[in-house]
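# Chain and residue survey
So you can see what is in the structure, the chains are spelled out below.
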Amino acid sequence: MDSEAASKAVLISNSEAWQDLKNHVTEINNTHLRDLLSDEERLKSFIIEHDGVVVDFSRQRATKETLTKLFSLAKEAKLKEKIDKLFAGDHINATENRSVLHVALRAPRDVVITSEGKNVVPDVWNVLDKIKVFSNKIREGSLVGATGKPLTDVVAIGIGGSFLGPLFVHTALKTEPKASELAKGRKLHFLANVDPIDVVRALDGLKQETTLVVVVSKTFTTAETMLNARTLRTWITAALGQGAVSKHMVAVSTNLKLVKDFGINPENAFTFWDWVGGRYSVCSAVGVLPLSIQYGFDTVNRFLQGAWSVDEHFRTTPFDKNLPVLLGLLSVWNVTFLGFPARAILPYCQALEKLAPHIQQVSMESNGKGVSIEGVQLPYETGEIDFGEPGTNGQHSFYQLIHQGRVIPCDFIGVIESQQPIYLKGEVVSNHDELMSNFFAQADALAYGKTSDELRAEGVPEKLIPHKARYVGFLVKFSIVF
Ligand SMILES: O=P(O)(O)OC[C@H]1O[C@](O)(CO)[C@@H](O)[C@@H]1O
């Protein structure tokens, strides 16, 4: 075998499992989703649950046979071995020769996870304990600003993974009754863009005396973040003098030397590690520090526990019941085999407004490469183009394109219990039940392949019926989060 042939041989597209899936595409293309949905047994087995999260993937263009073939592909890709390697701290980040251990950020204290032969969980908890003490002091008002006033506003400066994850969680918690009670009297602001407009907006109404700036940067070299950090340092020192930096600026970074050089007191630096990828860093001090100051450490710790529950599920559950694995394999099926390049993320919940931007980075900064890990050009497409808006806003924007002919796999995300169930009798979409029925009507309109008239005959309200509907052949990836 010459070297070109040898390098091609490593491509998974040369495997039997791959070819088998390719051959299966025609059969699926000739099967209508309506017929798939008439199979009761399939419907039941295509709904799985973990820890209150239910995923219904029955509206996927897939049969049980498709799943079996995808599991063979996963075997060919050595997916189980790769998951084990991730949790074992192996250097699966081959380009940087590093462990990929964001899972350790949410591990309980007694769990052992090693990188370079060292258990990293105690290091994680040292930082979490430090954040708990620090955030309590700020919240109680025992740690104050340069003039002795409580620090009621926090500006978190950061971009990419040092921004989008924390923004998503903050947006999700804002109106949650317990969290909002715990945040009373406090405000969390974000500053990401290098455009000075963002500075003006972030500082609108703020006073230096009562503001704490958190500079969040894994590297502490990102141009946009460092410019914004210098801008806010000047904003503080102009009003309160040089000495105020130690009282009004703290940092989250892996680069403690640069934090110190910048003038931030090393005592006020909250570290994380190079085995945390920036886009997966929300569970490190990147998210935990600003969110704990806003909502209290215990609230954020519950978020960490939820993430760990999914980590354990991902690590130990057989693939046919494993939520992340199934969703990942179905993405491969949609993108690479069925040829649908995009995915719409549609949470029917305003609190999840920033989910799509967060997933955009997590997914699109990781997947969608043109070459294999060995550097061989790929003869197939990878990675999804993610976009999305909360329903119902998206319905009045881009849903028409989806309804009228382009096939876009959609992740419909619903919640059973609303944070804010407002009941106003007789008002459409004024309460949670209305929102959810809207959600189901949209999802099923796409999934069942029904005409507008058929939907009308079934009593679907006129305003929920998409215009000039041509549903035949639509595909819906239907994930409900309860
Ligand atoms: O946290 P840092 O080092 O400032 O990086 C910010 C972002 O920039 C990137 O490195 C690349 O744009 C992202 O991966 C990262 O989240």
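Quick note: structure is the one above.
Summary of the structure given here. (Residues numbered from 1 in each chain as written. Predicted model: local features only at pLDDT ≥ 70, side-chain atom pairs only at ≥ 80, totals over all residues.)

## Considering the sheet that holds strand β7 (residues 211-216)
A sheet is described by the order of its strands in space; here 5 strands give the open sequence β6-β5-β7-β8-β9, paired in parallel fashion. One side of each edge strand has no neighbouring strand; the edge strands of this open sheet are β6 (187-191) and β9 (269-271). On average, each strand axis in the sheet is tilted by 20° relative to the strand beside it, whichever way the strands run. One ladder, built from 5 bridges, connects strand β5 (residues 153-157) with β7; its direction is parallel. The residue bridging Val 154 from the neighbouring strand is Leu 212, located in β7. (Pairing = 2+ DSSP bridges. Helix = DSSP H or I, 4+ residues; strand = E, 2+ residues; numbered from the N terminus. Axes fitted to C-alpha atoms, helices over the stretch in contact; angles between N-to-C directions.)

## Re the pairing of strand β2 (residues 53-56)
Direction of pairing for strand β1 (residues 47-50) relative to β2: antiparallel, over a ladder of 4 bridges. Looking at the pairing, His 50 lines up with Val 53 of β2.

## As for the pairing of strand β11 (residues 385-388)
The side chains of a regular strand alternate, first on one face of the sheet and then on the other. Burial along β11 is one-sided: Asp 386 and Gly 388 are buried, and none of Ile 385 and Phe 387, which face the opposite way, are. Note that strand β10 (residues 342-347) and β11 share 4 bridges and pair parallel. From the neighbouring strand, Ala 342 faces β11, where its bridge partner is Ile 385. Remark: the β10/helix α17 (residues 355-364)/β11 crossover connection has right-handed handedness. (Buried ≥ 20, exposed ≤ 12 C-beta atoms within 10 Å, placed from the backbone. Right-handed = clockwise from strand over helix to strand, strands pointing away.)

## Quick word on unusual backbone geometry
The omega torsion of the bond from Gly 391 to Thr 392 falls at 15°, within 30 degrees of zero and hence cis. Along the polypeptide, Thr 392 turns up in the loop between β11 and α18 (399-403). One non-glycine residue, Asp 51, lies in the positive phi region at around 50°. Tracing the backbone shows Asp 51 in the loop between β1 and β2. Assessed through the 11 C-beta atoms surrounding it within 10 Å, Asp 51 is described here as exposed. Despite not being glycine, Lys 78 shows a phi value in the positive range, around 55°. With respect to the helices and strands, the residue Lys 78 is situated in the loop between α5 (64-76) and α6 (79-87). Judged by C-beta crowding, with 12 C-beta atoms within 10 Å, Lys 78 ranks as exposed.

## Some words on the packing of helix α14 (residues 285-295) against helix α15 (residues 297-316)
Remark: α14 packs on α15, axes separated minimally by 7 Å, with the N-to-C direction vectors making an angle of 130°. The angle between α14 and α15 falls in the class oblique. Together, Val 288, Leu 291, Ser 292 and Tyr 295 of α14 and Phe 297, Thr 299 and Val 300 of α15 make up the contact between the two elements. Taken together, the residues of the contact of α14 with α15 break down into 5 nonpolar, 2 polar and no charged. (Parallel < 35°, antiparallel > 145°, perpendicular 65-115°, else oblique. Contact = placed C-beta atoms within 7 Å. Nonpolar A, V, L, I, M, F, W, Y, C, P; charged D, E, K, R; others polar.)

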